[in-house]
Amino acid sequence: MTALTSECVVAGRLAGPHGIRGDIRVELLVENTDLLLGEAWLQAGDRSPVRAEIASVRQHRGTPVVHLKGVEDRTAAAALRGMSILIPESRLPELDEDEFYIDDLTGLPVFLTDGSRIGTLDEAIDLGEQETWRILTDDGREILLPAVPEFVVSIHLEDGIVIRPPEGLLELYLKP
C-alpha cells in the first residue's frame, strides 16, 4: 500500500450513483480515465483523505463511471457523492513545454494585457467541449472566462496569467 503524500492531484469528483451495484458517475478533471484505475484517495472537503481502490472505469453515454472496491450498492455509492478523487502526481503524463496542469495554475494572479491585475485564478470548470476559468477579483467578484487561446495571452508560473477577454465580458461581471 502506497502512503498518501502531498504530491497528489485531484483527478475528479464523485458525482453520484449510477445503477444499483455501487457504480459512481465521475466529473473528470484529467483527460485519460485510465489514470483513475488502481489506488486512489477520496477526500470530502478539508477532511483527511481515505484510501480507496478503483477497480474499473467505463463510459456511459459520455460520462465516466467508476467502481470502487467495497462499494457494492447504490446507498454506499450515494454516500460518496461530492468527494474528490486524488491520484499520485507521478501517474500524470509528462507535459509539453507550453502545457500546464490546472493545479499548477490555480492561485496564480490574472492580469490584463495592459498589466492591470484582475484577480486570481480560482478553479477550472469543465463544460464538456470547453474549459472555463473562474477568476475571483480582489474584491471577491467572480468572472467566468473561456480558457481558449483567443483569450489567454500567456501563462508564466512565476509571474501569472495574462488574458485578453472578449469585448464586454468584464463589464458584464464587474458593473455595479
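Predicted model only: the values in this text are computed from it and were never measured.

(A) Layout of the sheet that holds strand S6 (residues 84-88). An order of S1-S2-S5-S4-S3-S6 is seen for the 6 strands of this closed barrel, with the pairing classed as antiparallel. Along the sheet, successive strands turn relative to each other by an average axial angle of 50 degrees, direction set aside. Sheet topology places strand S1 (residues 8-18) next to strand S2 (residues 23-28); 6 bridges connect them, and they run antiparallel. Paired with Pro17 across the bridge in S2 is Ile24.

(B) Focus on a negative patch on the surface. On the surface, Glu31, Asp96, Glu97, Asp98 and Glu99 cluster together into a patch of negative charge. Checked against the element boundaries, Asp98 lands in the loop between S6 and helix H2 (102-105).

(C) Looking closely at the side chain of Gln43. Assignment of secondary structure puts Gln43 in strand S3 (residues 38-43). In this structure, Gln43 is in contact with Pro49, Met83, Ser84 and Leu86, ignoring residues within four places of it in sequence.

(D) Looking closely at unusual backbone geometry. Its identity is not glycine, yet Arg61 carries a phi of approximately 55 degrees, on the positive side. Structurally, Arg61 can be placed in the loop between strand S4 (50-60) and strand S5 (63-68). Taking relative accessible area as the criterion, Arg61 reaches 80% and is therefore assigned exposed.

(E) Up close: the nonpolar core. Counting residues in each nonpolar core, the largest one holds 22 residues, and the members touching the most others are Leu14, Leu68 and Ile85. Mapped by element, the contributors of at least two residues to this core are S1, S2, S3, S4, S5 and S6. Not counting residues within four places of it along the chain, the set of residues in contact with Ile85 comprises Val9, Val10, Ala11, Gly12, Leu14, Val26, Leu36, Ala40, Trp41, Leu42 and Ile54. Counting residues in each nonpolar core, the second largest holds 18 residues, with Leu105, Leu108, Trp133 and Val152 among its members.

(F) The arrangement of the sheet that holds strand S9 (residues 131-137) in detail. Across the sheet, which stays open at both edges, the 6 strands sit in the order S10-S9-S8-S7-S12-S11 with mixed pairing between neighbours. This sheet does not close on itself; its edge strands, each paired only once, are strand S10 (142-146) and strand S11 (152-156). Averaged over all neighbouring strand pairs, the angle between strand axes comes to 35 degrees, with direction disregarded. Looking at chain direction, strand S7 (residues 109-112) and strand S8 (residues 117-126) are connected through 3 bridges and run antiparallel. Residue pairing in the sheet places Phe111 in a bridge with Arg117 of S8.

(G) Broad picture of the layout of surface pockets. Roughly 1200 Å³ of internal volume is contained in the largest pocket. Taken together, 37 residues form the lining of the largest pocket, with Glu31, Phe100, Tyr101, Ile102 and Glu131 sitting closest to its centre.

(H) Inspection of the pattern of salt bridges at higher detail. Inspection of the entire model under this criterion finds 7 salt bridges. Residues Asp23 and Arg58 are paired through a salt bridge, measuring 3.1 Å at the closest nitrogen-oxygen approach. With Asp23 in strand S2 and Arg58 in strand S4, this pair connects stretches of sequence that are 35 residues apart. A salt bridge links Arg141 to Asp139; its shortest N-O distance comes to 3.0 Å. In this structure Arg141 comes out as partly exposed when scored by relative accessible area, which is 31%. In the salt-bridge network here, residues are joined through shared partners; they are Asp122, Arg134 and Glu142.

Rules and cut-offs
Residues numbered from 1 in each chain as written. Predicted model: local features only at pLDDT ≥ 70, side-chain atom pairs only at ≥ 80, totals over all residues. Heavy atoms only, no water. Pairing = 2+ DSSP bridges. Helix = DSSP H or I, 4+ residues; strand = E, 2+ residues; numbered from the N terminus. Axes fitted to C-alpha atoms, helices over the stretch in contact; angles between N-to-C directions. Patch = residues over 30% accessible without salt bridge, like charges linked within 9 Å, V, L, I, M, F, W, Y side chains within 5 Å. Areas by Shrake-Rupley, 256 points an atom, 1.4 Å probe, with all protein chains shown as cover. Salt bridge = Lys/Arg side-chain N within 4 Å of Asp/Glu carboxyl O. Lys, Arg positive; Asp, Glu negative; His and termini not counted. Charge placed at Lys NZ, Arg CZ, Asp CG, Glu CD. Contact = heavy atoms within 4.5 Å. Buried < 20%, exposed > 50% of the residue type's maximum accessible area, 1.4 Å probe, protein only. Core = buried A, V, L, I, M, F, W, Y, C linked by side-chain atoms within 4.5 Å. 1 Å grid on protein atoms, 1.4 Å probe; cavity = no way out; pocket = protein on both sides within 12 Å on 5 of 7 lines; lining within 4 Å. Points joined across faces, edges and corners; volume = space filled by probe spheres on them.

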